[in-house]
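# Structural description and commentary
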Amino acid sequence: MASFCNTTIYIQVGVMCVLFSFASNLPSVVNLGGLLNDDDKEVENAFQHGVDEINEDSSILPTKQLSMRLSKLKPQDTFHTFQAACQQLSSGIIGFIGPTTLPSSSLIQSVSTSIEIPHVRLQSDYIANVPNGFSLNLHPSSELLSKAFRDILDTRGWMSYTIVYESNEALIKLKKLLERDTNKSVKISFRQLKPGMSYKKLAKDIGKQGEANIVLDISTWKIKEFFKQAQDIGMMTEYHSYLVTSLDLHTVDLREFQRGRTNITAFRLVSSDHEKERQGWEWAYEGGQYKKVSQQKKTLKTKAALVHDAVKMFALSLHNMSSDITVRIQSIFCDSPEPWTHGNHLLNIMKETKFKGLTGFVEFDQNGTRTNFSLDILELKEEGLRKVGTWNTQFGIQFSTKYEKLVGDVLRQLRNRTLEVVTIINPPYMMMKEPAEQLTGNDQFEGYCLDLLEELSKRLGFKYKIHQVRDGSHGSKNEHDEWNGMIRELINKEADLALADLTITYEREEAVDFTMPFMNLGISILFRTPTKNVPKLFSFLSPLSLEVWMYMATTYLGVSLLFFLLARLTPYEWVPSNSCNPDSNVLENQFSLSNSFWFTIGSLMQQGTEIAPKAISTRVVAIMWWFFTLIMISSYTANLAAFLTVQRMESPIESANDLAKQSSIQYGCLKFGSTKAFFKESNIESYKTMWRVMQSQPTVFTESNLEGVERVLRGNYAYLMESASIEYITARNCELEQIDGLLDSKGYGIATPKGSPYRTPISNAILELQEDGILYLLKEKWWFRKYGGHCKHEETSHSASTNELGLANVGGVFVVLLTGLGLACMISMIEFILKTRRSSRNERDSVLLDFQRKARRIGFRCGLTSHRAETSSWKQSRD
Ligand code: ASP
């Protein structure tokens, strides 16, 4: 029993010893220095709450009391900051938190480094990678923050924006945003908001530049007033987008802007996971006790959350350190040569400490810079600021709001809207109904675009109000880079949509947004239909070229003569003149010179003669000639038929090149449109020439397409116009026609102000209309069914012309003929030689002599058709 008692006593003593040893590693009260601005009650409350939380938590520093040594400072008063820091050091502290302003914070950083006591900073560094000494920074670095800003601008696709900033350091802070400019296609402007400057004026200036995207880098407390004044001058519409760089936008009351549909985006470091946790301690510390604060103030400032996390970090690190060693906390004097013995150790443990705080996951790199944190992406919706995604150092942006939800939001917005639509009168896209005087509002209009708008409004549920563009122009940029026409009205936000035959161009895309094209087209030439030619008297000669006719005549002569010669030469064409007496010595040849010509012309004319060749050689010539005539006559007949069916018309110009080369016919285009811009910007030599010519005679430009058409009708003028309009005009006016194909390829789209949320749903609706065939039906209706559209244009010489047959087409027939004739000559020679050899075997004459003699005897005289057979051999061979 005694031994049992002893054992129990030992265990109790042992447990007590362990507890005592842990407890004795630290003094019972641990002081933590806080250097805060004296006007920042919320930050002070957060400090107090952090300390209380640790003291209540039995798992961190049990049995010890954490105590805050708070000094309230004037923001820029570095002298007092130094004094306060020295005072805190002399009372024995484990580290500093704050101050929250930059010059004072840098001062404490150097004090803490010299005394070797950890210091937690709470504001972002402007300059990255400077040695931190004994400081850790809980605030994310500017470098990483500006990366987040840059990522969001990339996803938003901002190609132009203005940065509104207060201090010059902001430009260092937003370094990464400026780097977006490297590819030169991003336009960045800067506007400094100097003290006392009117926000309204600044916003107005930005608006005048046509800028709709603004990066707002100003103090949190100025944001609401800035938005208010921007709203007054119409800079807070659905076409304006703001990226607010303050991490405290969630603390600003934005209720009056919620219905304005302005795109406001910001980031929040304070983690949304702590929403509930915060509710428990949202109390104001007043008169020595906590009081519940009003519901409106339930948002937590970043700095307050950072202070809270700083307290927790010190407590956790100290807890870890004191489990290994005994920590002595002593009074230190600012001028003391001896640093705090445990400072370095504590600092290293703090760098290793990881925990989940009010600002999300807390982790540091070896420099004491915060890493691996995430930010909430906030957007202002009708219900208030909402989290739409997160950005973190590892994966960048991740949206949590689904695309369908975003589209759904816009569709909901559209359903309640009456969109202001600007248009231009240009048939058949938009026309005034007759009689226009009795009609008002949208009823005055009709046309393809009106029907399209009606279809879109049915599908998307918006209402619309149409007005005509004030200056009657589509929109072009002048030498001062100022737009006119419908584009100007969109830039000025006087209209929500521009719907007309408005061409999508690169230059316009920079100023406004376009939907998907609803029609495709290209520039072409409108010109008077050429007059028909009076048929020529000798048009039957047209199917063959002169060259071929000449060759045919020569061939005819050649073949006839060859017939004559070969027939003379071959013994088989010689027959007894008296057919009743085959032994007669008188031989006759039917191929006299005239008969040879008669035979060939007979077959050429597809007739016949009673003369028929008998020898193989002459028959070969005949076969070749017949083949030749067969092909030639069929080709001639076929081509003649085509010539007679197609009435050839002559146009003085057949292409844009023809226009460029001549000077007698004037040509022009619309004065303020994309066609003019096309020629102005073109790099193709002939278009450049055309542009120079047009520019030298400004009267060639027209105010409207109608004026252009009238000028073409008056004659000696070609109008450069878009093919869809040409199609419409030429279907109604048979005197006009399109010359040549398209000079380019483009489309008409609906334009919206830059950044318009309506672009995507309208584009989707256009695609649907296209797939449903509605766009096709609308075109059929307005181009060919409504108000005429009956002209059928005949083929003219510049499109499908009939060409005479050249030697290239029929040359092969000549070759075949020549080859055949050559063959016939050879056969004839063989025939002759064989017969001659037989007859000269006894006489031992040479073949040549025999040929000469016989040739002489036969006599190549024209008209000689018979001779006396001299040798028996000729007779024999004939037998
Ligand atoms: N559709 C053109 C435009 O949008 C008009 C033209 O230049 O022919 O400017």
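By convention here, each chain's residues receive numbers from 1 onward along its written sequence. Where totals are concerned, whole chains, interfaces and linings use all residues; where local detail is concerned, this predicted model gives features only for residues with pLDDT of at least 70, and gives and counts side-chain atom pairs only at 80 or more. The side-chain quantities take in all heavy atoms of the structure and omit both hydrogens and water.

The name recorded for the protein chain in an unreviewed UniProt entry is Glutamate receptor ionotropic, kainate 1-like, from Limulus polyphemus. A UniProt comment under Sequence similarities (unreviewed entry) is attached to the protein chain, and it reads "Belongs to the glutamate-gated ion channel (TC 1.A.10.1) family." UniProt positions are given in the numbering used here, feature names are shortened, and annotations may be inferred rather than shown by experiment.

### Comments concerning the UniProt feature "transmembrane region" (unreviewed entry) in the protein chain
As annotated by UniProt and renumbered to match this structure, "transmembrane region" (unreviewed entry) occupies residues 548-567, 623-644 and 810-834. Every helix listed is a DSSP run of H or I at least four residues long, and every strand listed is a run of E at least two residues long, numbered separately from the N terminus. Structurally, residues 548-567 comprises 100% helix and 0% strand, and the distance from its first C-alpha atom to its last is 28 Å. For the annotated span residues 623-644, helix accounts for 100% and strand for 0% of the residues, and the straight-line distance between the end C-alpha atoms is 31 Å.

### What about the packing of helix H2 (residues 41-56) against helix H11 (residues 302-322)?
Angular values range over 0 to 180 degrees, each being the angle between N-to-C directions of two axes fitted as lines to C-alpha atoms, with helices fitted over their stretch in contact. At their nearest, the axes of H2 and H11 sit 8 Å apart, and the two run at 30° to each other. One finds that H2 runs roughly parallel with respect to H11. Two packed elements cross with a definite hand, and for H2 against H11 that hand is right-handed. Residues Glu-42, Val-43, Ala-46, Phe-47, His-49, Gly-50, Val-51, Glu-53 and Ile-54 of H2 form the contact with H11, whose participating residues are Lys-303, Ala-304, Val-307, His-308, Val-311, Lys-312 and Ala-315. Nonpolar residues are Ala, Val, Leu, Ile, Met, Phe, Trp, Tyr, Cys and Pro. Charged residues are Asp, Glu, Lys and Arg, and all others, Gly as well, are polar. Across the contact of H2 with H11, the residue classes break down as nine nonpolar, three polar and four charged. By the definition adopted for this analysis, an angle is roughly parallel if under 35 degrees, roughly antiparallel if over 145, roughly perpendicular if from 65 to 115, and oblique otherwise. Should the near helix be turned counterclockwise from the far one by less than a right angle, the crossing is left-handed, whereas a clockwise turn marks it as right-handed. Residues count as neighbours in contact if any of their non-hydrogen atoms are within 4.5 Å of one another.

### Description of the sheet that holds strand S25 (residues 523-528)
In any sheet, the strands associate via hydrogen bonds between backbone groups, in a parallel or an antiparallel arrangement. Across the sheet, four strands lie side by side as S28-S29-S25-S30; this open sheet has mixed pairing. At either margin of the open sheet sits one strand with a lone partner, and together these are strand S28 (666-668) and strand S30 (736-739). Ignoring strand direction, the axes of neighbouring strands in this sheet form an average angle of 30°. Think of it this way: DSSP has to see at least two bridges between two strands before they count as a pair. By the bridge criterion, four bridges tie S25 to strand S29 (residues 717-722) in an arrangement that is antiparallel. Residue Ile-523 lies in a different strand from S29, and its bridge partner there is Glu-722. Where helix H22 (residues 685-696) meets the sheet, its contacts fall on S28 and S29, and the angle it forms with S28 comes to roughly 95°. Where helix H23 (residues 705-714) meets the sheet, it contacts S25, S28, S29 and S30, and its direction lies at approximately 150° from that of S29.

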